[in-house]
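# Report on the structure
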Amino acid sequence: MGSVLDTENQSYAKLMIQLLYQGQWVLFSIILAALLVSLSFHEFGHAWVAKRCGDNTAQRAGRLTLNPISHIDPMGLMMVVFVGFGYAKPVPINFWNFKHWRRDTILVASAGPMSNLILAFLSAFVFYIVPFFPEVIWPWLRVTIYSSITINLILFVFNMLPLLPLDGGRVAVAILPRQLGQLFARLERAGIVIIIIALFLLPWLGSQLGLDFDVFNWLVLQPAQYLMIFITLVVGI
């Protein structure tokens, strides 16, 4: 399987469509399963830290669970698989329940991406137990582990971008001085438009002009690649 990190963001969707077209159902299912687990860990991280910070809104909504059914939005998942950009159900958070608004907002917002980073590290360690399984399934185990590391690193870097409605944008709102934070928060509606322009319009425009405008590659894929190298060095795989 080609590296998702070595190509532009739309190639992930192309890969999934190609696997379906070629009838490679097992490989498609492996990558899809890794994606479901990664998204579920991300949303669970938000819910768990929010509960620890005094807000049980997510728990009462049934989101304090690793069950993918509770977190996955069908349309958002289809977009992730076939378009390369999508979403899960947002975890409901009542910021008024936090005892320390600024600190707790930062903790809860960063909990999702940090959950993905932790899962990427844990997935890397799983490489060490592959030899204990029957040799016939080694290739599939390696693909599963690699898919988990790759997807989780991309989710970590992407969601920590300081742009609303991403988690990194909420961290930025909490870090900025009050007036600047409020001004920045008003840009949330424009944030999704900016993301779509950066993901799709700019790369397309660049290809028409013979220029490299692949913002997603610069800001997400390349940092994720560096993190991949760092994890392999730390884990020793």
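Note: the structure precedes this text.
Residues numbered from 1 in each chain as written. Predicted model: local features only at pLDDT ≥ 70, side-chain atom pairs only at ≥ 80, totals over all residues. Heavy atoms only, no water.

### Comments concerning the side chain of S123
Looking at where S123 falls in the secondary structure, it is placed in helix α6 (residues 101–125). Setting aside anything within four residues of it in sequence, one finds S123 in contact with I145, S148 and I149. (Helix = DSSP H or I, 4+ residues; strand = E, 2+ residues; numbered from the N terminus. Contact = heavy atoms within 4.5 Å.)

### Observations regarding the pattern of salt bridges
Going through the model one piece at a time under the given rule, you end up with 2 salt bridges. Among the ionic pairs, E188 bridges to R170, the shortest N-O distance being 2.8 Å. Pair noted here: E188 is in helix α10 (residues 188–209) and R170 is in helix α8 (residues 167–175), with a separation of 18 residues, a long-range link. For R170, a relative accessible area of 28% corresponds to the partly exposed category. (Salt bridge = Lys/Arg side-chain N within 4 Å of Asp/Glu carboxyl O. Buried < 20%, exposed > 50% of the residue type's maximum accessible area, 1.4 Å probe, protein only.)

### Considerations on the side chain of N116
Its location among the elements puts N116 in helix α6. For N116, a relative accessible area of 0% puts it in the buried group. Here H42 takes part through its side chain, which lies 2.7 Å from a polar atom of the side chain of N116. In contact with N116, not counting residues within four places along its chain, are S38, H42, N152, L155 and F156. (Polar contact = N/O pair within 3.5 Å; in protein donor to acceptor, adjacent residues only side chain to side chain.)

### Details of the packing of helix α7 (residues 138–159) against helix α11 (residues 215–235)
Relative orientation of the contacting elements α7 and α11 amounts to 130°, with a least axis distance of 9 Å. Classified by the angle between their axes, α7 and α11 sit oblique to one another. In this structure, the crossing between α7 and α11 has a hand that is right-handed. Of the residues in α11, those in contact with Y146, I149, T150, L153, I154, F156, V157 and F158 of α7 are F216, L219, V220, L221, P223, A224, L227, M228 and I231. For the contact of α7 with α11, the per-class residue count stands at 16 nonpolar, 1 polar and no charged. (Axes fitted to C-alpha atoms, helices over the stretch in contact; angles between N-to-C directions. Parallel < 35°, antiparallel > 145°, perpendicular 65-115°, else oblique. Left-handed = near helix turned anticlockwise from the far one by under 90°. Nonpolar A, V, L, I, M, F, W, Y, C, P; charged D, E, K, R; others polar.)

### Some words on unusual backbone geometry
Look at the link from L164 to P165: it is a cis peptide, with omega at 10°. Here P165 is to be found in the loop between α7 and α8.

### Regarding the packing of α6 against α8
In a pair of packed helices, the angle between the axes and the distance between the axes together describe the arrangement. The contact between α6 and α8 brings their axes to 8 Å, and the two run at 165°. The angle between the axes of α6 and α8 places the two elements in the roughly antiparallel class. In the crossing of α6 with α8, the sense of the turn from one axis to the other is left-handed. Here α6 contributes W101, R102, T105, I106, A109, S110 and P113 to the contact with α8, which in turn contributes D167, R170, V171, V173, A174 and I175. Looking at the contact of α6 with α8 residue by residue, the classes come out as 8 nonpolar, 2 polar and 3 charged.

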